[in-house]
Number of protein chains: 2
Amino acid sequence: MRIEDEIHQKHFKDDYRRLLVNLLFTNNWVNQQVMPFFKQLGLTLQQHNVLGILRGQHPEPVCFGDIQNRMVDRNSNVTRLIDKLIEKGYVTRDVCAANRRMIEVRITDKGLKKLEQVDEKFPDLFSKLHNLSKEEAVLASNLLDKLRG
Amino acid sequence: MRIEDEIHQKHFKDDYRRLLVNLLFTNNWVNQQVMPFFKQLGLTLQQHNVLGILRGQHPEPVCFGDIQNRMVDRNSNVTRLIDKLIEKGYVTRDVCAANRRMIEVRITDKGLKKLEQVDEKFPDLFSKLHNLSKEEAVLASNLLDKLRG
DNA sequence: GCATGTTATTTGTATATACAAGTAATGTAC
DNA sequence: GTACATTACTTGTATATACAAATAACATGC
């Protein structure tokens, strides 16, 4: 559905304005696909993102700064995110012996199992993007890369 | 910059996963362009969106439901948004005589002036999207439309 | 080895968001 | 004209976010 119809606006002054509004509107659409998906699994998008980063290094630990740099949403408060994941038993935290300012975070077996459970369901989530062909998905992704410069 | 480099991830399992992450990452990028722009003008993105909708109908009023349907972010709480805009003197609200459940919202002269002030600065904001050519902007926008179905 | 700056994480706080429940006016069936 | 449902907006609340300030460990120059 054209963005003009979505927000009941006849036309945009120029193509860049249309793109900006479309990006903002599409983000909300994406969030509404993604949020319930993770919610039913007892995670938030950011919590899942952290677990994925930790699995990538497992069994090595990852420190807060590195987690932050690899996160899709850089604004997340890593301290409080990790607190939540510890509560749920999905990660552990230890002070780094070599540099006691740093915190080593590791994913637990329980966390790994939770990720596997998410993986099994992932096709349900990605199917929501199948209005685009594979080629269009690649094209869209590359345009977003270029947009950000 | 490729999304792989942005989040320090070597590769994605498939093109749809890459697109989803790219959409989420790009949204944060867009927000970081947009939020400070409106903040310096004493507005939030949603408040500006409402003022724009009201200007479109000015001097006719718009009721809450119509505002919500035309907003880019449908999750906004219109009641509390309007409260803020009244505080700032940019809109008025009156109970609709014909149907006393409805609220008629109108933009004030002060609100119109604020919008003009935003309009003057808009080129600064849109210039941030100029990594894409006009043709690419149209293409990207159309792909987003198609993505949502 | 002490002062000063830098890095890594934590905490505080004001505002925003998501989501559910509440209220009040209107419409509809009988 | 009186129940009952629906519409339109409001309120409450728990959680999340943005942003600034604080703390604590380490690094550097002297």
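Quantities reported herein were computed from a predicted structural model and do not represent experimental measurements.

J.: Would you mind going over the packing of aromatic side chains in detail, with residue names and values included?
T.: Counted under the stated rule, the structure contains eight aromatic pairs over all chains. Geometrically, the ring pair formed by A:F37 and A:F38 is edge-to-face, given 5.1 Å between the ring centres and 85° between the ring planes. Looking at A:F37, the relative accessible area reads 6%, which means it is buried. Under the relative-accessibility criterion, A:F38 is labelled buried at 3%. Their ring planes at 10° and their centres at 5.8 Å tell us that B:F37 and B:F122 sit as a pair that is stacked. Of this pair, B:F37 sits in helix α2 (residues 15-39) while B:F122 is found in helix α6 (residues 109-126), placing the two residues 85 residues apart along the sequence. Through a chain of ring-to-ring contacts, three or more aromatic side chains come together here, namely A:F37, A:F38, A:F122 and A:F126.

J.: Could you give an account of the UniProt feature "domain: HTH marR-type" (unreviewed entry) in chain A, naming the residues involved and the relevant values?
T.: On the UniProt side, "domain: HTH marR-type" (unreviewed entry) is annotated at positions that read residues 1-149 of chain A here. Counting secondary structure, residues 1-149 of chain A comes out at 62% helix and 8% strand; the distance between its end C-alpha atoms is 28 Å.

J.: An account of the packing of helix α3 (residues 45-57) of chain A against helix α6 (residues 109-126) of chain A is requested, with residue identities and associated values reported.
T.: Helix-helix packing: each pair is described by the crossing angle between the helix axes and the interaxial distance. All names here are of chain A. Across the interface, α3 lies against α6 with an axial gap of 10 Å and an inter-helix angle of 110°. Considered as vectors, α3 and α6 are oriented roughly perpendicular to each other. Between α3 and α6 lies a crossing whose hand is left-handed. Side by side, α3 and α6 meet where H48, L51, G52 and R55 of the first sit next to L112, L115, E116, V118, D119 and F122 of the second.

J.: Talk me through the interface of chain B and chain A; I want residue IDs and the actual numbers.
T.: If you look at the interface, chain B gives 57 residues, while chain A gives 57 residues. Summing both sides of the interface, chain B and chain A together bury roughly 5900 Å²; the carbon and sulfur share of this comes to 62%. It is B:Y16, B:V72 and B:R148 that lose the most area in chain B upon contact with chain A, and together they represent 14% of the buried surface on that side. Linking chain B with chain A are six salt bridges, by the criterion used here. Its salt-bridge partner being A:K146, residue B:E136 comes within 2.7 Å of it at the nearest N-O pair. Between chain B and chain A we count 39 residue pairs in polar contact (both at pLDDT 80 or more) in total. Broken down by secondary-structure element, the contributors of at least two residues to the side of chain B that touches chain A are α1 (3-6), α2, α4 (64-70), α6 and α7 (134-148) of chain B. With 19 residues, α2(B) is the largest single contributor of residues to the side of chain B that touches chain A. Class assignment of the residues belonging to the side of chain B that touches chain A gives a composition of 28 nonpolar, 15 polar and 14 charged.

J.: Describe the protein's contact with DNA strand C, with residues and values.
T.: The environment of DNA strand C is made up of 20 residues, and the closest members are A:G65, A:T79, A:R80, A:R93 and B:N75. In this structure, A:R93 approaches DNA strand C through a side-chain N or O atom, which is 2.3 Å from a phosphate oxygen. A distance of 3.5 Å separates a phosphate oxygen of DNA strand C from a polar atom in the side chain of B:N75. Breaking the surface near DNA strand C down by element, the ones donating at least two residues are α2 (15-39), α4 (64-70) and α5 (78-87) of chain A together with α5 (78-87) of chain B.

J.: Residue-level account of the protein's contact with DNA strand D, with values.
T.: In the region of DNA strand D, 20 residues are neighbours, and A:N75, B:G65, B:T79, B:R80 and B:R93 sit closest. Here the atoms of DNA strand D within 4 Å of the protein split so that 71% fall in sugar or phosphate, with bases taking the remainder. Between DNA strand D and A:R80, the relevant distance is 3.2 Å, taken from a base nitrogen to a side-chain nitrogen or oxygen of the residue. Here A:R101 contributes a side-chain N or O atom positioned 3.5 Å from a base nitrogen of DNA strand D. Contributing elements (two or more residues each) for the surface near DNA strand D: α5 of chain A together with α2, α4 and α5 of chain B.

J.: Requested: an account of the relation of the copies chain B and chain A, with residues and values cited.
T.: Between the two copies, chain B and chain A, the superposition gives an RMSD of 0.0 Å; the rotation angle is 180° and the shift along the axis is 0.0 Å. When the rotation and shift are considered jointly, the pair of chain copies conforms to a two-fold rotation axis. When the interface residues of chain B are mapped onto chain A, 100% of them again fall at the interface, so both copies present the same face.

J.: Provide a residue-level description of the side chain of A:S141, including the pertinent values.
T.: Following the sequence through the fold, A:S141 ends up in helix α7 (residues 134-148). Residue class for A:S141 comes out buried when judged on its relative accessible area of 1%. The contact partners of A:S141, leaving out residues within four places of it in the chain, are B:R18, B:L19 and B:N22.

J.: Describe the domain arrangement of chain A, with residues and values.
T.: All names here are of chain A. The domain boundaries assigned to chain A delineate domain 1 (1-40) and domain 2 (44-148). Spacing between the C-alpha centres of domain 1 and domain 2 amounts to 25 Å. Taken together, the contacts link eight residues of domain 1 with 11 residues of domain 2. Summing the contributions of domain 1 and of domain 2, the shared interface buries around 860 Å²; its carbon and sulfur component is 82%. Of all residues in domain 1, Q33, F37 and F38 give up the largest surface area on contact with domain 2, accounting jointly for 60% of the area buried on that side. For the pair domain 1 and domain 2, the number of links is zero salt bridges. One can count zero residue pairs in polar contact (both at pLDDT 80 or more) joining domain 1 with domain 2. Of the residues in the side of domain 1 that touches domain 2, the class split is six nonpolar, two polar and no charged.

Conventions adopted
Numbers given to residues run from 1 along each chain, matching the order in which its sequence is written. Whichever chain is written first is A, and whichever ligand is written first is 1; the rest continue in order. The predicted origin of the model limits local features to residues at a pLDDT of at least 70 and limits the giving and counting of side-chain atom pairs to 80 or more, whereas totals for whole chains, interfaces and linings rest on all residues. Values reported for side chains reflect all heavy atoms of the structure, with hydrogen atoms and water molecules removed beforehand. Planes of paired rings set the category: under 30 degrees apart is stacked, over 60 is edge-to-face and the rest tilted, where pairs are Phe, Tyr or Trp rings (Trp by its six-membered ring) whose centres lie within 6.5 Å. Exposure classes here rest on a 1.4 Å probe applied to the protein chains alone. A residue is buried below 20% of its type maximum, exposed above 50%, and partly exposed in between. A helix here means a DSSP run of H or I that spans at least four residues, while a strand means a run of E at least two residues long, and both kinds are numbered starting from the N terminus. UniProt positions are given in the numbering used here, feature names are shortened, and annotations may be inferred rather than shown by experiment. Each axis is a line fitted through C-alpha atoms, taken for helices only over the stretch in contact, and angles between the N-to-C directions span 0 to 180 degrees. Convention used here: angles under 35 degrees read as roughly parallel, angles over 145 as roughly antiparallel, angles from 65 to 115 as roughly perpendicular, and any remaining angle as oblique. Two helices that cross are described as forming a left-handed crossing if the nearer one is turned anticlockwise from the farther one by less than a right angle, and a right-handed crossing if clockwise. Residue contacts are defined here by distance: any two heavy atoms, one from each residue, within 4.5 Å place the two residues in contact. By buried area we mean the combined loss of accessible area, with a 1.4 Å probe, across both parts when two parts are placed together. Here a salt bridge means any side-chain nitrogen of Lys or Arg lying within 4 Å of a carboxyl oxygen belonging to Asp or Glu. In the analysis that follows, any N or O atom pair within 3.5 Å is treated as a polar contact, provided that within protein one partner can donate a hydrogen and the other can accept it, and provided that, for residues neighboring in sequence, both atoms belong to side chains. As a working rule, the residues Ala, Val, Leu, Ile, Met, Phe, Trp, Tyr, Cys and Pro are called nonpolar, Asp, Glu, Lys and Arg charged, and the rest polar, with Gly in that last group. Proximity is defined per residue: any heavy atom of the residue falling within 4 Å of a molecule or strand makes that residue near it. Residues below a pLDDT of 70 in either copy are left out; the C-alpha atoms of the rest, at least 70 in both, set the least-squares superposition of the copies. Domain delimitation follows an automatic or database domain assignment.

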